[in-house]
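Residue-level listing of the chains:
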Amino acid sequence: MISRQPWLDLEVPGERITTRHYHILTTAQDQRVVAELPAFLEASLERHRLFAGTNLGQPALPSPPGRMQLFLFANREQWARFTRATIDASAHPLLAIEVGGYAAGGRAVMFALPPAFDRLTLKIAAHEGWHQYVQRSFREPLPTWADELIAVMAEGFLVDATGNYRFEPLLNPERLDQLQSVLEMGRWQPLETILAGDPTDLLGTEPSRAVDYYAQLWALGLYLAVEQSRWLGVQRLLRDAARGRLNREVGGAGDDLGERAFRRYVSTDIRRIDEGYLAFARALVDEASAANASGSMPRYGSVPSTILRTAGPATLEP
């Protein structure tokens, strides 16, 4: 059931669209992407809850405690004005965003791109939708690398023959292109740097590095999902944060929380993971490049189909 009613913000007329789990507040009501957004957000939320697998046939991650607010402004100027009005001086790094959005206090705030880029607008909604879902539904925050890793894995999707959204992490050409640039231009960062990174900090100092950071996390997520034991560790991390057990498992919060969580849940051998992850990223790029040169579709033979499907890898324990 979807309801619509007028909405006014910063003297700009808009529309409030209410779905089962969302209040969508938009000044882009005349744009085509707004018609797609309600169904897309609900499908994306279902996918979010399955990233930690299932328990007794139900998503292992909780349903949000109430409807979540997503703001979609018609242009970047409206978005920036709203951001300045609602966030304190900490908003400065956010205002460096040229394409994208953010989530703060359980609200997602973004702006629509030109109609030719509707698919990218929806990808941003999936990314920020994950962040706001965690902010509203998890008892403890995730380490930044884990939060951003799932957010970039949430972006890839297609529309199947029946008109339904199917989420497949591998289908992310923007992240693949950026990953290729990172590798070719020698900007690859070691895993320890990625585990300690924060995209908000990078936006305030080196915005281009933030895009590199997301591309490397996308490749890391795919790499971790290749081996079941590693991905089960990521799933346990998600469940523990949702239930309020993460800090106890890793010895509390702190500047090194990211690395401690990785060692506790994924692997203590960071050097081995780093080497394998880099080789995997190169293989992804090489296969895509070879496919482009031949005019065919990349097969990504090293990536199991289990990580491409909506349900994701199964969870074996509650």
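None of the values given here were measured: they were computed from a predicted structure.

Q: Is there a simple way to explain the overall build of the chain in this structure?
A: The helix and strand tally for the chain stands at 12 helices and 10 strands. Within the chain, contacts between residues at least 6 apart in sequence are counted, and of these 63% link residues at least 24 apart. Surface summary for the chain: the accessible area is close to 14,300 Å², and the carbon and sulfur share equals 51%.

Q: Just to check I follow, could you spell out the pattern of salt bridges for this structure?
A: Pairing is possible between side chains that carry opposite charge, provided their charged atoms lie close to one another. For the structure shown, the criterion picks out 13 salt bridges. Among the ionic pairs, arginine 76 bridges to glutamate 98, the shortest N-O distance being 3.9 Å. Residue arginine 76 is located in helix H2 (residues 76-86), and its partner glutamate 98 is located in the loop between H2 and strand S7 (101-104); the two are separated by 22 residues in the primary sequence. Glutamate 98 sits in the exposed class, given a relative accessible area of 55%. For the salt bridge of aspartate 269 with arginine 272, the shortest nitrogen-to-oxygen distance reads 3.7 Å. Here aspartate 269 falls in the partly exposed class, since its relative accessible area comes to 34%.

How each quantity is defined
Residues numbered from 1 in each chain as written. Predicted model: local features only at pLDDT ≥ 70, side-chain atom pairs only at ≥ 80, totals over all residues. Heavy atoms only, no water. Helix = DSSP H or I, 4+ residues; strand = E, 2+ residues; numbered from the N terminus. Contact = heavy atoms within 4.5 Å. Areas by Shrake-Rupley, 256 points an atom, 1.4 Å probe, with all protein chains shown as cover. Salt bridge = Lys/Arg side-chain N within 4 Å of Asp/Glu carboxyl O. Buried < 20%, exposed > 50% of the residue type's maximum accessible area, 1.4 Å probe, protein only.

Function cannot be inferred from these measures alone, as they are strictly geometric.
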